[in-house]
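Single-letter residue listing:
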Amino acid sequence: MEQRWRELAEVKRELAGRDWFPATSGNLAIKTGSEPLTFYVTASGKDKRKESSEDFLLVDGSGQPAEETTLKPSAETLLHIEVYTRTNAGCSLHVHTVDNNVISELYAHEGSITFTGQEIIKAFGLWEEDASFTIPIIPNHADIPQLARVFGQHVHEDAGAVLIRNHGITVWGRDAFEAKKYLEACEFLFSYHLKLKQFSAITIN
Ligand SMILES: CSCCC(=O)C(=O)COP(=O)(O)O
Ligand SMILES: [Zn+2]
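Because the structure is a prediction, the values reported are computed rather than measured.

Comments concerning the environment of S34
Okay, step 1: Among the structural elements, S34 can be located in strand β1 (residues 27–34).
Okay, step 2: On the basis of neighbour count, S34 is assigned to the partly exposed category, with 13 C-beta atoms found within 10 Å.
Okay, step 3: Sequence separation between S34 and N88 is 54 residues, and the spatial gap between their C-alpha atoms is 8.9 Å.

Okay, here's the thing in C-alpha cells:
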C-alpha cells in the first residue's frame, strides 16, 4: 500500500511541475486491491500542487473511505470507479488544462478527435505507419453519477482517454507509468494541434 501511495505522490509531483492542477482542479487515483476493489484517491478540493500526508485517502468500490479519516474523496471518484470496474487498469489521472479544454470545445460537435501521422502515437502502443488514436468527447454533466455513466460507456480497454467538454481529460493505464505516458502524449497532441491551427490561420490570412 505504501508503495502505491509513493507512486501516486510521485505522479502528482510531476503533474504539478507541469502546472496541470490550476485552481484545485484535477484528481488522481491508484488501485491497491481488486477483490474487493480499493484505491487511493486525492482528497477533494485541495490544491494538488501542495504536498502533505493528507493528499490521498483509501476508498472502497463504492467510493466510500475504507479507513477512518476526516478527508473527503474527490468529487469525481465515481469516474475512477468506472475505470477500475470495467478494466484491469491500475491508475487513472484527471487534469484540467487550457489545451485539453480548447480541444474539447473545438471538436465537441464531432463527439471525438482523431490523431494520425504523429510519431508520439506510439506512446499508445500503436506502431503501424497509418495508426490513428481517437479520444471521445463527452458532455460535462453537472450530475456526477450521470457524468460517470456516460464516461463509463467509453471505457473498454486497460488504457485509454476521454475528454470531458470544457472540463478536462481522464486517462488511465495498467499502472502509473502507463497512465502518465498516455496523459503526456494526449497533451502533446493537443498542444501541437492547436499551435498548428493557429500558425496555419496566420500564414493563410
Ligand atoms: C475547481 S475544479 C472543480 C472540480 C473538478 O472538476 C476537479 O477536478 C477537482 O475536484 P476534486 O473534488 O477532485 O478536488
Ligand atoms: Zn475535474
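Some words on the environment of A16
Okay, step 1: Along the chain, A16 falls in helix α1 (residues 2–17).
Okay, step 2: Along the sequence, A16 and K48 sit 32 residues apart, while their C-alpha atoms lie 7.0 Å from each other.
Okay, step 3: In contact with A16, other than residues within four places in its own chain, are F21, K48 and R49.

Side note on unusual backbone geometry
Among all residues save glycine, negative phi is the norm, and among peptide bonds the norm is trans.
Okay, step 1: Of note, the amide linkage connecting E35 to P36 takes the cis form, showing an omega dihedral of 5 degrees.
Okay, step 2: Note that P36 resides in the loop between β1 and β2 (37–42).
Okay, step 3: We note that D19 has phi near 65 degrees; this positive angle belongs to a residue other than glycine.
Okay, step 4: Under the C-beta neighbour-count criterion, D19 is labelled exposed, with 10 such atoms within 10 Å.
Okay, step 5: Here the phi dihedral of A23 falls at roughly 55 degrees; this positive angle occurs in a residue that is not glycine.
Okay, step 6: With respect to the secondary-structure elements, A23 resides in the loop between α1 and β1.

As for the nonpolar core
Okay, step 1: Ranked by size, the top nonpolar core spans 50 residues in total, and within it Y40, C91, V171, A179, Y182 and C186 carry the most contacts.
Okay, step 2: Here this core takes eight residues from helix α5 (residues 176–204), the largest share from any one element.
Okay, step 3: Residues within four places of A179 in sequence aside, it is in contact with C91, S92, L93, V171, W172 and G173.

Here we look at the UniProt feature "domain: Class II aldolase/adducin N-terminal" (unreviewed entry) in the chain
Okay, step 1: Here, the residues flagged by UniProt with the feature "domain: Class II aldolase/adducin N-terminal" (unreviewed entry) are residues 6–194.
Okay, step 2: Taken end to end, residues 6–194 has its terminal C-alpha atoms 34 Å apart, with 32% of it in helix and 25% in strand.

Here we look at the site of ligand 1
Okay, step 1: Looking at ligand 1, the residues that line it are A23, T24, S25, G26, N27, T42, S44, G45, S74, A75, E76 and H94.
Okay, step 2: Looking at the shell around ligand 1 residue by residue, the class counts come to two nonpolar, nine polar and one charged.

Side note on the UniProt feature "binding site: Zn(2+)" (unreviewed entry) in the chain
Okay, step 1: Under the present numbering, the feature "binding site: Zn(2+)" (unreviewed entry) in UniProt falls on H94 and H96.
Okay, step 2: Inspection of the secondary structure assignment puts H94 in strand β4 (residues 91–95).
Okay, step 3: Those residues in contact with H94, other than ones at most four positions away along the chain, are G26, N27, E76, L79, G168, I169 and T170.
Okay, step 4: As for its placement among the helices and strands, H96 is situated in the loop between β4 and α3 (98–107).
Okay, step 5: The class of H96 is partly exposed, set by 18 C-beta atoms lying within 10 Å.
Okay, step 6: When residues no more than four places from it in sequence are discounted, the contact partners of H96 are P22, S25, G26, N101, H167 and G168.

So, the sheet that holds β4
Strand pairs in the sheet, formed through backbone hydrogen bonds, run parallel or antiparallel to each other.
Okay, step 1: As summarised here, the arrangement of the eight strands in space is β3-β2-β1-β4-β8-β7-β6-β5, forming an open sheet in which the pairing is mixed. Lying at the two open borders of the sheet, with one neighbouring strand each, are β3 (56–60) and β5 (112–116). Neighbouring strand axes in the sheet, compared pairwise and without regard to direction, differ in orientation by 20 degrees on average.
Okay, step 2: Of the pairings in the sheet, the one linking β2 to β3 comprises five bridges and is antiparallel in character. Residue pairing for β3: T38 is matched across the bridge by D60.
Okay, step 3: Relative to β1, α1 is tilted by about 165 degrees, and along the sheet it contacts β1, β2, β3 and β4.

Parameters at a glance
- Residues numbered from 1 in each chain as written.
- Chains lettered and ligands numbered in written order.
- Predicted model: local features only at pLDDT ≥ 70, side-chain atom pairs only at ≥ 80, totals over all residues.
- Helix = DSSP H or I, 4+ residues; strand = E, 2+ residues; numbered from the N terminus.
- Buried ≥ 20, exposed ≤ 12 C-beta atoms within 10 Å, placed from the backbone.
- Contact = placed C-beta atoms within 7 Å.
- Core = buried A, V, L, I, M, F, W, Y, C linked by C-beta atoms within 7 Å.
- UniProt positions renumbered as here; feature names shortened; annotations may be inferred.
- Near = placed C-beta within 6 Å.
- Nonpolar A, V, L, I, M, F, W, Y, C, P; charged D, E, K, R; others polar.
- Pairing = 2+ DSSP bridges.
- Axes fitted to C-alpha atoms, helices over the stretch in contact; angles between N-to-C directions.

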